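# Results of the structural survey
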Amino acid sequence: MIAAVAGGVGGARMLRALCSVVDPAELTAVVNTGDDVVLHGLHVSPDVDTVVYTLGGAANPDTGWGRVGETWEAMAELRALSGGRLSWFNLGDRDLGTHLYRTARLAEGAGLGQVTAEIAARFGVATRVLPMSDDPVETRVTLAGGEEVGFQEYFVGRGHQVQVSAVRFAGVESARAGPGVLEALSEADAIVICPSNPVVSVAPVLAVPGVGEVVARRRERVVAVSPIIAGRALKGPADRLLAELGHEPSVVGIARLWSPWAATLVVDVADAGSAPAVEAAGVRCVVAPTVMSGPEESAGLARTVLRSGVAA
Ligand code: FO1
């Protein structure tokens with residue numbers, strides 16, 4: 001059994017790669033819910049949905065989030081009605097079905113983990129997709145001017161083009177790990193920290209009481225994949241966020257960040273020269289191609305990751 005900690009698009013692609021080399025039913029994904037947002041009265045779980053759609057072969061390949069073959073009739077109507085005020089976050093027609101279902105089931109008293117299992121079953125996903133918590137945890141971002149906004153307001157509303165001075169996970173102190181999360185992490189032969197945004201995708205999962213502790217306890221079996229290659233994030237604002245929050249936006253910064261939790265860090269061949277500095281941070285460094293540009297490259301990375309974690 002393999003467990004993985006994942007955020008949205010980068011995490012989902014790592015999970016899909018792992019599924020190409022192990023039985024998908026042997027994989028459990030623990031997914032960030034700090035990005036969750038209530039919009040138009042609907043509970044949207046972007047990272048959970050991105051993982052489910054990706055593993056179910058239903059994700060939009062261009063964006064990585066949302067559904068393939070999506071239509072946008074409801075959004076167009078909402079845009080026309082509100083003059084654009086209420087349509088800043090794009091919810092496609094098919095995607096809306098997911099949010100309607102989730103919201104209805106939560107109102108009926110089901111937990112987020114249970115509802116996620118139901119949605120995953122509809123997409124034929126054999127991997128267990130576990131939200132990090134059934135309890136509300138909200139990633140809040142303080143902008144350089146002092147204003148605090150919700151994560152999606154920063155990420156989508158402001159296009160993550162604004163400077164950030166702090167990030168916090170509101171509610172995390174009293175959140176309980178989701179059903180099955182601690183067991184999966186405790187029993188896994190290897191734990192993979194996916195190349196998701198460290199600050200806003202992986203950190204909230206590790207901040208859930210008990211989760212960070214069990215990952216740290218299993219450190220020898222934990223393999224992280226660097227989301228930073230040659231100082232840059234392939235997608236999204238991870239490099240800028242790291243720098244703005246006082247971390248080095250490099251594989252060495254990632255090694256320092258993950259050293260309490262991960263014994264091994266996989267870095268891209270472009271960062272081979274940083275291997276000694278990664279090891280000086282107390283983390284075993286594995287150098288391999290990490291860009292998941294196609295199925296073969298993705299499978300190659302997954303094999304490297306599993307070899308590094310299971311053999312530890
Ligand atoms: N990302 C965007 O950049 N713009 C959007 O309008 C947008 C809508 C959206 C709807 C549903 C969903 O599941 C994800 C969506 N995302 C959108 C992606 C999301 O904001 C980010 O991928 C994550 O929260 C960061 O991991």
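Residues numbered from 1 in each chain as written. Predicted model: local features only at pLDDT ≥ 70, side-chain atom pairs only at ≥ 80, totals over all residues. Heavy atoms only, no water.

## Some remarks on the domain arrangement of the protein
- Under the domain assignment, the protein is made up of domain 1 (2–134 + 176–310) and domain 2 (138–172).
- A C-alpha centroid distance of 19 Å is found between domain 1 and domain 2.
- The interface is formed by 19 residues belonging to domain 1 together with 19 residues belonging to domain 2.
- Roughly 1500 Å² is buried in total at the junction of domain 1 and domain 2, and carbon and sulfur atoms are behind 67% of that figure. (Domains from an automatic or database assignment. Contact = heavy atoms within 4.5 Å. Buried area = accessible area lost by both parts, 1.4 Å probe.)

## Describing the layout of surface pockets
- Taken as a whole, the largest pocket spans an internal volume of roughly 930 Å³.
- Every residue lining the largest pocket is counted, 42 residues in all, and those nearest its centre are G8, V9, G10, F155 and K235.
- Those elements that provide at least two residues to the lining of the largest pocket are α1 (9–19), α2 (46–55), α4 (93–107), α6 (151–157) and α8 (198–207).
- By residue number, the principal contributor to the lining of the largest pocket is α2, which donates five residues.
- For the lining of the largest pocket, the residue count by class is 21 nonpolar, 15 polar and six charged.
- Shared between two domains, the lining of the largest pocket holds at least three residues of each, these being domain 1 (2–134 + 176–310) and domain 2 (138–172).
- Of the voids in this model, the second largest pocket is the one considered here, and its volume is about 290 Å³.
- Taken together, 21 residues make up the lining of the second largest pocket; nearest its centre are T33, D36, V37, V137 and E138.
- Of all the secondary structure elements, the ones that give two or more residues to the lining of the second largest pocket are β3 (37–39), β6 (138–143) and α6.
- Ranked by residues supplied to the lining of the second largest pocket, first place goes to α6 with three residues. (1 Å grid on protein atoms, 1.4 Å probe; cavity = no way out; pocket = protein on both sides within 12 Å on 5 of 7 lines; lining within 4 Å. Points joined across faces, edges and corners; volume = space filled by probe spheres on them. Helix = DSSP H or I, 4+ residues; strand = E, 2+ residues; numbered from the N terminus. Nonpolar A, V, L, I, M, F, W, Y, C, P; charged D, E, K, R; others polar.)

## Topic: the sheet that holds strand β14 (residues 284–287)
- Pairing in this open sheet of seven strands is parallel, and the strands run β5-β2-β1-β9-β10-β13-β14 from one edge to the other. One side of each edge strand has no neighbouring strand; the edge strands of this open sheet are β5 (128–131) and β14. Averaged over all pairs of adjacent strands, the angle between their axes in this sheet comes to 20°, without regard to strand direction.
- Two strands pair when backbone bridges link them, and strand β1 (residues 2–6) and strand β2 (residues 27–31) are joined in this way by five bridges, in the parallel orientation. Bridged to I2 within β2 is L27. (Pairing = 2+ DSSP bridges. Axes fitted to C-alpha atoms, helices over the stretch in contact; angles between N-to-C directions.)

## Some details on the site of the ligand
- Taken together, D35, P46, D47, W65, F89, N90, L91, D95, F151, Q152, F155 and V156 make up the full set of residues adjacent to the ligand.
- One of the side-chain N or O atoms of Q152 is found 2.8 Å from an oxygen atom in the ligand.
- In terms of residue count, α6 provides more of the shell around the ligand than any other element does, four residues in total.
- In terms of residue class, the shell around the ligand is built from seven nonpolar, two polar and three charged.
- Two domains share the shell around the ligand, each providing at least three of its residues, namely domain 1 (2–134 + 176–310) and domain 2 (138–172). (Near = heavy atom within 4 Å. Polar contact = N/O pair within 3.5 Å; in protein donor to acceptor, adjacent residues only side chain to side chain.)

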